[in-house]
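# Fold and geometry: a report
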Amino acid sequence: MKRAEQVTFGGSGLDRAAHIRGDAKMLAKVKSGGAAKCHLIWRGKVLVQGEGLDSLASVPMHHDIITEGPGGAVEQPVFLGLGDQDVPHFAMDISGWDAEGLDISGVGAFVDGSEQQHPDLPTGHVFAELRRIMTRLSPRDAELAASAKAVVGWHETHRFCARCGAGSEISQGGWQRSCPACGAQHFPRTDPVVIMLITHGNSVLMGRSPGWPEGMYSLLAGFVEPGETLEAAVRREVMEEAGVPVGAVQYLASQPWPFPASLMMGCSGQALSRDIQIDPVEIEDAIWVTRTEMMQAYAGEHPKLLPARKGAIAHFLLQNWLSDTLD
Ligand SMILES: [Zn+2]
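One structure accompanies this document, and this report is about it. Keep in mind the model is a prediction, meaning the values are calculated, not measured. (Residues numbered from 1 in each chain as written. Predicted model: local features only at pLDDT ≥ 70, side-chain atom pairs only at ≥ 80, totals over all residues. Heavy atoms only, no water.)

## A closer look at the pattern of salt bridges
Following the criterion strictly, the structure yields 12 salt bridges and no others. For arginine 131, the salt bridge is made with glutamate 129, and the minimal N-O distance between the two is 3.4 Å. For arginine 131, a relative accessible area of 22% gives the class partly exposed. Given the relative accessible area of 9%, glutamate 129 is considered buried. We note a salt bridge from aspartate 191 to arginine 189, for which the minimum N-O separation is 2.7 Å. (Salt bridge = Lys/Arg side-chain N within 4 Å of Asp/Glu carboxyl O. Buried < 20%, exposed > 50% of the residue type's maximum accessible area, 1.4 Å probe, protein only.)

The following block contains the structure:
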């Protein structure tokens, strides 16, 4: 798909400079150079600034919040790579900050519209939920934010060696955890998920999960299982959830989706039947939506159907289906 990398989080060509990760001297040098920027994560939220919160914020590496701050999931800043003019970018987690006096009841909710201002950071630098502001960021900021959130989230849930249970230690600039007891090495995980545009003639198959806002339907999706190809995962998930047999499957585009650690693999598939039989444990409903109806939904003119969330690959794939630009 020619437009594949135009999806939100489609990447900006960040130089991840992996050769620096294992070179302690070099890593210390880029860290201590005055130009280095550190992006902050707090309980999965990213530090942003600007009117409309459209820019990823950072602090210099010598800022108190990093050197003496509350701490969090990572023992030291994670090296994300080299940006424009070779400016080094790092990520640090400060989830230990308890945001005293601020309302944090919405943090971690499906839609978290709250913002938190840390007292030691400039006014207007706030922590916001990435899904809420993702479409406002530049491709570079989006790649940095997704990488920072995903890798910090991995550290948070992988503090102990999966082989022997001992506490593990951050290494390789944050791209590995090593076990001092048994020597095992652990690497940040990315979980593949297939999300599929299943069509039959001029209609697309849409499903909804329980608890979604009324009228909201999206493309079917599911985790790829060990030992499975993407094509097999597409056919299995559609059969399990909607009872629809699928023939030819084609890969279209991918999207890093750090909520918490998925890689969405967008595929198209041709349905061999229109009969739907849903599994009520997996989904609440599945329907065929015609191109005309979907166009109405995208224009906000459909009486019932809401379009998929902007920024999500489902929205992107459907939009390209509507404009006939899937190839
Ligand atoms: Zn171990």
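## Let's talk about the packing of helix α7 (residues 291-298) against helix α8 (residues 313-322)
To describe two helices that pack against each other, one gives the angle between their axes and the distance between the axes. Running from N to C, α7 and α8 point in directions that differ by 125 degrees, and their axes come no closer than 11 Å. Relative to α8, the element α7 lies oblique. The two elements α7 and α8 meet at a crossing, and its hand is left-handed. Every residue of α8 that contacts α7 at Arg291, Met294, Met295 and Tyr298 is listed here: Ala314, His315, Leu318, Gln319, Trp321 and Leu322. Grouping the amino acids of the contact of α7 with α8 by side-chain chemistry returns seven nonpolar, two polar and one charged. (Axes fitted to C-alpha atoms, helices over the stretch in contact; angles between N-to-C directions. Helix = DSSP H or I, 4+ residues; strand = E, 2+ residues; numbered from the N terminus. Parallel < 35°, antiparallel > 145°, perpendicular 65-115°, else oblique. Left-handed = near helix turned anticlockwise from the far one by under 90°. Contact = heavy atoms within 4.5 Å. Nonpolar A, V, L, I, M, F, W, Y, C, P; charged D, E, K, R; others polar.)

## Some points on the nonpolar core
Among the nonpolar cores identified, the biggest contains 78 residues, and Leu40, Leu130, Val204, Leu219, Met294 and Leu318 are the most heavily contacted of them. Dropping the residues within four chain positions of it, methionine 294 is found in contact with Val204, Met206, Val289, Leu305, Leu318, Trp321 and Leu322. The next biggest cluster of nonpolar side chains, apart from the first, holds 19 residues, and it includes Val194, Leu205, Val238 and Ala271. (Core = buried A, V, L, I, M, F, W, Y, C linked by side-chain atoms within 4.5 Å.)

## Let's talk about the packing of aromatic side chains
One pass over the full model with this rule turns up seven aromatic pairs. Ring centres of phenylalanine 9 and tryptophan 257 lie 6.2 Å apart, and the angle between their planes is 70 degrees; this geometry places the pair in the edge-to-face category. Residue phenylalanine 9 is located in the segment before α1 (18-21), and its partner tryptophan 257 is located in strand β15 (residues 246-257); the two are separated by 248 residues in the primary sequence. An identical accessibility class is assigned to phenylalanine 9 and tryptophan 257; each is buried. Considering the side-chain rings of tryptophan 97 and phenylalanine 127, the 6.1 Å spacing of their centres and the 40 degrees angle between planes classify their relative orientation as tilted. Placement of tryptophan 97 in the loop between β6 (88-93) and β7 (116-117) and of phenylalanine 127 in strand β8 (residues 126-128) is noted, with a sequence separation of 30 residues between them. Judged by its relative accessible area of 0%, phenylalanine 127 falls in the buried class. (Phe/Tyr/Trp six-rings, centres within 6.5 Å; stacked < 30°, edge-to-face > 60°.)

## A look at the environment of histidine 186
Mapping histidine 186 onto the fold places it in strand β11 (residues 185-186). Overall, the relative accessible area of 18% leaves histidine 186 in the buried class. Once the C-alpha coordinates of histidine 186 and arginine 236 are considered, the two residues, 50 residues apart in sequence, prove to be 30 Å apart. Residues in contact with histidine 186, not counting those within four places in the same chain, are Trp154, Cys161, Ala162, Arg163, Gln176 and Arg177.

## Brief notes about the pairing of strand β12 (residues 191-200)
Where burial is concerned, most of β12 is hidden: eight out of the 10 residues are buried. For β12 and strand β16 (residues 262-271), the ladder comprises nine bridges, and the chain directions are parallel. The residue of β16 that forms the bridge with valine 194 is methionine 265. Taken together, the four bridges between β12 and strand β14 (residues 220-223) define a ladder with antiparallel strand orientation. Across the sheet, residue valine 193 finds its bridge partner in β14, namely phenylalanine 223. Bridge count between β12 and strand β13 (residues 203-208): two bridges; the pairing is antiparallel. What sits directly across from histidine 200, in β13, is serine 203. (Pairing = 2+ DSSP bridges.)

## Overview of the coordination of the zinc ion
Taken together, the protein donors to the zinc ion comprise Cys161 (SG), Cys164 (SG), Cys179 (SG) and Cys182 (SG), at separations of 2.3 to 2.4 Å. Seen from the zinc ion, its four donor atoms lie at angles of 102 to 114 degrees, and the figure they make is tetrahedral. All donor residues of the zinc ion come from one chain, and their arrangement in sequence is C-x2-C-x14-C-x2-C. Residue cysteine 161 is located in the loop between α5 (139-157) and β9 (169-171), and its partner cysteine 179 is located in the loop between β10 (176-178) and β11; the two are separated by 18 residues in the primary sequence. As far as the burial class goes, cysteine 161 and cysteine 179 line up, both buried. (Donors = N, O, S within 2.8 Å, 3.2 Å for Na, K, Ca; no water. Tetrahedral: all angles 85-135°; square planar, octahedral: opposite > 155°, others 65-115°.)

## Some details on unusual backbone geometry
Going from phenylalanine 259 to proline 260, the amide bond is cis rather than trans, its omega being 5 degrees. Relative to the helices and strands, proline 260 is located in the loop between β15 and β16. In this structure, glutamine 85 takes a positive phi of about 55 degrees despite not being glycine. Within the element layout of this structure, glutamine 85 appears in the loop between β5 (78-82) and β6. Given a relative accessible area of 76%, glutamine 85 falls into the exposed group.

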